[in-house]
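Each chain, written out:
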Amino acid sequence: MIGEPVLPSVTLTTPRLLLRPFVPGDAQDVHAVWHDARFVDAAPLGYGYANADLDTALAWCTSGIEERRRVGKGIGFAVAPREGGRLVGHVSLFSADWTAMSAEMHYWTAPWARGRGVAAEAAAAVARWALTEQGFHRIALQAAPANAASRHVAERAGFRAEGVLRNVAVSRSGRHDLVMYSMIPSDLSAAG
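Each chain has its residues counted from 1, running along the sequence as written. The model is predicted, so local features are restricted to residues of pLDDT at least 70 and side-chain atom pairs to those at 80 or more, both for listing and for counting; the totals for chains, interfaces and linings are taken over all residues. Only hydrogens and water are removed before side-chain values are computed, so all heavy atoms of the structure are retained for them.

(A) Spatial organisation of the packing of helix 4 (residues 118-132) against helix 5 (residues 148-157). Axis definition: a line fitted to C-alpha atoms, limited for helices to the stretch in contact. Angles are taken between N-to-C directions and run from 0 to 180 degrees. Each helix is a run of DSSP H or I of at least 4 residues and each strand a run of E of at least 2, with the numbering of both proceeding from the N terminus. At a minimum axis separation of 8 Å, helix 4 and helix 5 run at an interaxial angle of 45°. Comparing the axis directions of helix 4 and helix 5 gives the class oblique. For the element pair helix 4 and helix 5, the recorded crossing hand is right-handed. Counting all contacts with helix 4, which are made through Ala-119, Ala-120, Ala-123 and Ala-124, the residues of helix 5 involved are Val-153, Arg-156 and Ala-157. Angular relationships are summarised with four words: roughly parallel below 35 degrees, roughly antiparallel beyond 145, roughly perpendicular across 65 to 115, and oblique for the angles in between. Two helices that cross are described as forming a left-handed crossing if the nearer one is turned anticlockwise from the farther one by less than a right angle, and a right-handed crossing if clockwise. Any two residues having at least one pair of non-hydrogen atoms within 4.5 Å are treated as being in contact.

(B) Representation of the environment of Trp-60 in the model. Position of Trp-60 relative to the elements: it lies in helix 3 (residues 54-70). Under the relative-accessibility criterion, Trp-60 is labelled buried at 7%. Note: C-alpha distance between Trp-60 and Val-30 (30 residues apart in sequence) is 9.1 Å. With residues near it in sequence (within four places) discarded, Trp-60 still touches Phe-22, Val-30, Trp-34, Tyr-49, Ile-65 and His-90. For every residue, the accessible area (1.4 Å probe, protein chains only) is compared with the maximum for its type, and the residue is labelled buried under 20%, exposed over 50%, or partly exposed between those bounds.

(C) Representation of helix 5 in the model. If you check which residues of helix 5 are buried, you get Ser-150, Val-153, Ala-154 and Ala-157. Buried residues of helix 5 fall within an arc of 95° about the axis and therefore sit on the same side. Exposed residues lying more than 90 degrees from the buried face of helix 5 are Ala-148 and Arg-156. In this structure, the buried residues of helix 5 make contact with strand 5 (102-109), helix 4, strand 6 (138-143) and strand 8 (174-183). Count one or two residues on from helix 5 and you reach Gly-158, which has phi positive near 105°. Note that the arc is defined by the directions from the helix axis to the C-beta atoms.

Below is the structure:
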C-alpha cells in the first residue's frame, strides 16, 4: 500500500524570519509557550500539549512534529529571526487532504515576540509556499471570534473570512464559535 504524498522538508525565509524544521534546542522555548496562559486558555479541551512537560516538548521538537510530515499529514515550521536568536513562533499545516489539495493552518507566537507581526509574516509565507510551490488549492484556518490577535494575524496574512462555525469548539473557557478563514491561489494574485 502506498502512503500519502509527503511535503518536502524545507526552510523558508521572509525579510525578517527563518522558517525551519524544529531542533532539540527549541524544546525550552516550546515548553515555555505551552505553559503560557494565553496559549493554554485558547487550546482546545483535551489538547495534549497545553501544560505538557519538558520531555514532551523535547520529543515533539525532535521527532513528533516531523512525524506529521513523514506520514503525509502536513508540516510544521519553527519560526526564528533571520539574524539568529530564540524561537519566536510556529506555523503548521495539518489535516492535509491530498485529493482536494487542501490543508488547515495553525500558528502561535511566543509571548516574548508578540505584537511584532511575526505570526502574520510567517503564516503568509507558509500559505504562499503551499499554494504556489506545492500545488494546494485551499489553506484554511479557524479562530475564536473573541481571539482578536489570531483574527488579526489571519487577516494581515491575507486570509479571507468565510463565515462563522457556530458552537463548534470547546476550550477551557467553554463552548464557542469559530470564524473560518481561507486562502486560495487567486487570493495571491489579488494581493499583488
